[in-house]
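Below are the chains, spelled out letter by letter.
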Amino acid sequence: MQNLRDKIKKFFSPKGKNGSFFKRNFRIIAASILLVVLVAVLVYSVAVDSGRLRKMGKIEAGKANIENFEFDKEFIKDKKLNKKIKNLMNKYFEGYATADIDEMKEVATPVSEDEGNYIKFITSDYESFDNIKVYVKNGLTEGSYFVSVYYGLKFKNVDATVPGLEFFYLETDNKGKLYINNLYSSYNFSKNENAMDKTIYDLISKYEKQDDVAALRKDTETAYNKALAKDKDLAIAVTKIKDKIKEWSKKTEAAEEKVAKERAEKEKAKKEKAAKEKAEKEKAKKEKADKEKDKKKTEEKKSSEKKDDKSTEKKTENKQSDTVKVKGTGILVRDRAGTEGSQLVGSVDAGEYKKLGQEGDYILIQFTDDRGAHTGYINKQFVEN
């Protein structure tokens, strides 16, 4: 079997209108549940690039272990189950064809606002999805399923239908209701609006490599090519869809650029504000430090001046206390402080004498007379204050 990657590469070659168009518009085509099987092939080839999505933070760590998981060897043949899934798909595609997003949400979740707007835009020429067939394999957990859906898309005013193939991942909620987990829609695979579970993501990539799934894609691709070659009106309808895809691509790209620009401007303003606030804080911190420094210098200067003043006062005081002025004449000087047991050593008249110390009411002075220098005590009552 020819390698799928080689087929895609061949299809992307510039030969032919279809090839060049899909090459230019792959991203938007992959986002849609479009009519052609080739779109599904491209969507699935994108799905295996999990590294890109992981870098974007769009894949969350899976909780289940898939090392021992084995896919069903063939599609499930349980008629009751297949009918139940087909009824669910009928409801989904009825809503899709008529752009009834509310009806789609009854069986699929989440359907984003962006995806809803895309469906409303792209389906104006859709009439219905006919001849729906489901191909089912059991999923990772009980009540979950890998489902490939074959359909024929009917355009308004065109008799023929164009074959298409789309993948869905189904799960069962806690009330036993089966629903489409739209996280794994081709639209979200391309747009990466919502995070996908890594375990399920990896399993979908492996599912697409199963031989019977690959054969189903090939058969649908062959039917698609024959349908376009056979019906001119159908080919024209497909061309119109291509033009719509181009238009949507331009609109969304412009919108995304605007959002990106606004986000960049907000981020720039945020950084500038943060830088300004930081500069202001640093300035205020520096001013506060300078004030505290100046305050400390002032206090140190005052303290130094106060010390100098005290030192001067002390010197003056010491100088003043080094001498005493005696008043009166014939003041008796004794060899001891007090009158009891003391001997007279002389007498002094009014004048200034050197003070040597003090004991109680008696001050020790130094004086001289005709006999020489002497020391002795005089009562402080004879000293001027």
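Residues numbered from 1 in each chain as written. Predicted model: local features only at pLDDT ≥ 70, side-chain atom pairs only at ≥ 80, totals over all residues. Heavy atoms only, no water.

K.L.:
Just checking my understanding: could you explain the overall build of the protein chain for this structure?
P.N.:
Broken down by element type, the protein chain carries 12 helices and 13 strands. In the protein chain, which comprises 385 residues, the proportion classed as buried is 40%. Taking the intrachain contacts of the protein chain between residues at least 6 apart in sequence as the baseline, contacts between residues at least 24 apart amount to 61%. Element-wise, carbon and sulfur atoms account for 47% of the exposed surface of the protein chain, whose accessible area totals about 23,600 Å². (Helix = DSSP H or I, 4+ residues; strand = E, 2+ residues; numbered from the N terminus. Buried < 20%, exposed > 50% of the residue type's maximum accessible area, 1.4 Å probe, protein only. Contact = heavy atoms within 4.5 Å. Areas by Shrake-Rupley, 256 points an atom, 1.4 Å probe, with all protein chains shown as cover.)

K.L.:
Whenever I open this one, the packing of aromatic side chains confuses me. Can you help?
P.N.:
Aromatic ring pairs: the centre-centre distance and the angle between the two ring planes describe each pair. On inspection of all chains with the given rule, the structure shows 24 aromatic pairs. Geometrically, the ring pair formed by tyrosine 92 and phenylalanine 168 is edge-to-face, given 5.2 Å between the ring centres and 80° between the ring planes. Taken together, the residues tyrosine 92 in helix 6 (residues 79-97) and phenylalanine 168 in strand 5 (residues 161-172) connect sequence positions 76 residues apart. Here the two residues tyrosine 92 and phenylalanine 168 agree in accessibility, since each one is buried. Taken together through their ring pairs, the aromatic side chains of Tyr92, Phe93, Tyr96, Tyr126, Phe129, Tyr151, Phe155 and Phe168 make up a single cluster. Over the face of the ring belonging to phenylalanine 75 we find lysine 137, whose NZ or CZ atom lies 5.3 Å from the ring centre. (Phe/Tyr/Trp six-rings, centres within 6.5 Å; stacked < 30°, edge-to-face > 60°. Lys NZ or Arg CZ within 6 Å of the ring centre and 35° of its normal.)

K.L.:
So what exactly am I meant to see when it comes to the nonpolar core here?
P.N.:
Ile85, Met89, Val147, Phe155 and Leu170 are the most contacted members of the largest nonpolar core, which totals 46 residues. For this core, the element with the most residues is helix 6, which contributes 8 residues. The next biggest cluster of nonpolar side chains, apart from the first, holds 19 residues, and it includes Phe75, Tyr184, Tyr201 and Tyr207. (Core = buried A, V, L, I, M, F, W, Y, C linked by side-chain atoms within 4.5 Å.)

K.L.:
Could you clarify how one ought to interpret helix 11 (residues 211-230) in this entry?
P.N.:
If you check helix 11, its first and last C-alpha atoms are 29 Å apart, about what 20 residues at 1.5 Å a residue would give, namely 28 Å. What helix 11 keeps buried is the set Val213, Ala214, Leu216, Arg217, Thr220, Tyr224, Ala227 and Leu228. Projected down its long axis, helix 11 shows its buried positions confined to an angular sector of 155°, all on one face. Exposed and facing more than 90 degrees away from the buried side of helix 11 are Asp211, Asp219, Lys226, Ala229 and Lys230. (Expected span 1.5 Å × (residues − 1). Arc of directions from axis to C-beta.)

K.L.:
Any chance you could explain the pattern of salt bridges here in plain terms?
P.N.:
Pairing is possible between side chains of opposite charge, provided their charged atoms come close. Going through the model one piece at a time under the given rule, you end up with 10 salt bridges. When the shortest N-O distance is used, the salt bridge between aspartate 212 and lysine 137 registers 2.9 Å. Of the two residues, aspartate 212 is situated in helix 11 and lysine 137 in strand 3 (residues 126-138); the sequence distance between them amounts to 75 residues. Judged by relative accessible area, lysine 137 falls into the buried class, the value being 0%. (Salt bridge = Lys/Arg side-chain N within 4 Å of Asp/Glu carboxyl O.)

K.L.:
Before we go on, may I ask you to explain the sheet that holds strand 6 (residues 178-181) in this structure?
P.N.:
As a general point, the strands of a sheet are linked pairwise by backbone hydrogen bonds and lie either parallel or antiparallel. Strands sit in the order 2-6-5-4-3 across an open sheet of 5 strands; the sheet is mixed. At either margin of the open sheet sits one strand with a lone partner, and together these are strand 2 (108-109) and strand 3. Sheet analysis places strand 4 (residues 145-155) next to strand 5, joined by 10 bridges and oriented antiparallel. Looking at the pairing, phenylalanine 146 lines up with tyrosine 169 of strand 5. The strands touched by helix 6 are strand 2, strand 3, strand 4, strand 5 and strand 6; relative to strand 3, the strand with the most contacts, the crossing angle is about 145°. Sheet strands touched by helix 10 (residues 198-207): strand 3, strand 4 and strand 5. Its angle to strand 4, the strand with the most contacts, is close to 65°. (Pairing = 2+ DSSP bridges. Axes fitted to C-alpha atoms, helices over the stretch in contact; angles between N-to-C directions.)

K.L.:
Honestly, the environment of leucine 165 in this entry has me stumped. Any pointers?
P.N.:
Note that leucine 165 resides in strand 5. Separated by 17 residues in sequence, leucine 165 and serine 148 have C-alpha atoms that sit 6.8 Å apart.

K.L.:
What is the right way to read the side chain of serine 148 from this model?
P.N.:
The residue serine 148 is located in strand 4 in this model. The exposure class assigned to serine 148 is buried, which follows from its relative accessible area of 2%. Within the structure, the side chain of serine 148 is placed 2.7 Å from the side chain of tyrosine 207, a separation counted as a polar contact. Apart from residues lying up to four places away in sequence, serine 148 is in contact with Lys133, Val134, Tyr135, Leu165, Glu166, Tyr207, Val213 and Leu216. (Polar contact = N/O pair within 3.5 Å; in protein donor to acceptor, adjacent residues only side chain to side chain.)

K.L.:
Explain the pairing of strand 12 (residues 362-369) here, please?
P.N.:
Every other side chain in a regular strand lies on the same face of the sheet, so the side chains alternate between the two faces. Sheet analysis places strand 11 (residues 351-359) next to strand 12, joined by 5 bridges and oriented antiparallel. Residue pairing for strand 12: glycine 357 is matched across the bridge by leucine 364. The turn joining strand 11 and strand 12, which pair antiparallel and follow one another in sequence, is formed by 2 residues; a positive phi near 60° is taken by glycine 360. Note that strand 12 and strand 13 (residues 372-379) share 8 bridges and pair antiparallel. Within strand 13, the residue paired with threonine 368 across the bridge is alanine 373. Linkage of strand 12 to strand 13, two consecutive antiparallel strands, is achieved through a turn of 2 residues.

K.L.:
Hey, could you run me through the confidence of the model for the protein chain in this one?
P.N.:
Low pLDDT marks stretches whose predicted atomic positions should not be read closely. Model confidence for the protein chain is summarised by a mean pLDDT of 81, while 79% of its residues fall at 70 or above. Per-element confidence in the protein chain ranges from a low mean pLDDT of 36 for helix 4 (residues 37-47) to a high of 97 for helix 6. Ignoring residues within four places in sequence, the model shows residues 1-63, a span with pLDDT below 50, making 142 contacts including any to other chains. (pLDDT = per-residue confidence, 0-100.)

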